[in-house]
Structures are given as C-alpha cells and as structure tokens.
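The residues making up each chain are set out below.
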Amino acid sequence: MMQQQQPPNQGQSQQQQPTYQQPPNVITGKDFNYLTDMLSWNLLGFKKAHFAASQCQDQQVSAALEKACHMHEKHYQQLLQKLQSGGSQQMNQ
C-alpha cells in the first residue's frame, strides 16, 4: 500500500495560538449548556438514587443507593458553589 505524502505548508503563517496559563474568565454558550447538563445529570442521579433507596427492602442495597445519592448531591453542590463564586465573570454568547 502506497502512502501519499502531504505537500509542505508553504505560504501559511507559522503563528501559533497563544496558550493560556489559566482559563479565561468567560463562560461561552457551549460551556453554559454543558454546565447546565452536568447540574441536571447530578440532580436526576440524586433523585433516582434517593427514590430507589426508599423503595428497596435490602438494607445493604439501600445504603449503597443512599451513598450514591449523597455523591450526586455533593457534586451538584460543588458545581453550584463554583458557579456562584465566579458570579461576576462575564458571559460570552
């Protein structure tokens, strides 16, 4: 099988995008949608685990479900705290 060789990039500038040491203080629309999804996923996981634990007869399974419930609640609260602490950040749409 023959490999095709790519022609050299002649005439194109060799400028590189600046690299950031820290992320910019901007939340794009795509970032906002992803954060909203993450909050929704954790809230839904919290609710489902709590409901399943309340319906479960086996104490060990119920305890594991409650543990999962608390994990999702913790993640939800952490995301919310991060968003609230950066509340003065600009939002780029």
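Residues numbered from 1 in each chain as written. Predicted model: local features only at pLDDT ≥ 70, side-chain atom pairs only at ≥ 80, totals over all residues. Heavy atoms only, no water.

Caption draft 1: Structural view of the overall build of the protein chain. What the protein chain contains, in helices and strands, is 2 helices and 2 strands. Order of helices (α) and strands (β) in the protein chain, N terminus to C terminus: β-α-α-β. Here the contacts in the protein chain between residues at least 6 apart in sequence split such that 68% fall between residues at least 24 apart. Carbon together with sulfur atoms contributes 51% to the accessible area of the protein chain, which is approximately 8800 Å² in total. (Helix = DSSP H or I, 4+ residues; strand = E, 2+ residues; numbered from the N terminus. Contact = heavy atoms within 4.5 Å. Areas by Shrake-Rupley, 256 points an atom, 1.4 Å probe, with all protein chains shown as cover.)

Caption draft 2: Spatial organisation of the packing of helix α1 (residues 29–55) against helix α2 (residues 59–85). It is the contact of α1 with α2, at a shortest axis distance of 8 Å, that shows an interaxial angle of 155°. Classified by the interaxial angle, the pair formed by α1 and α2 is roughly antiparallel. Considering the relative orientation of α1 and α2, their crossing is left-handed. The segment α1 lies against α2, with Leu35, Met38, Leu39, Asn42, Leu43, Gly45, Phe46, Ala49, His50, Ala52 and Ala53 engaging Ser62, Leu65, Glu66, Ala68, Cys69, His72, Glu73, His75, Tyr76, Leu79, Leu80 and Leu83. Counted by class, the contact of α1 with α2 contains 15 nonpolar, 6 polar and 2 charged residues. (Axes fitted to C-alpha atoms, helices over the stretch in contact; angles between N-to-C directions. Parallel < 35°, antiparallel > 145°, perpendicular 65-115°, else oblique. Left-handed = near helix turned anticlockwise from the far one by under 90°. Nonpolar A, V, L, I, M, F, W, Y, C, P; charged D, E, K, R; others polar.)

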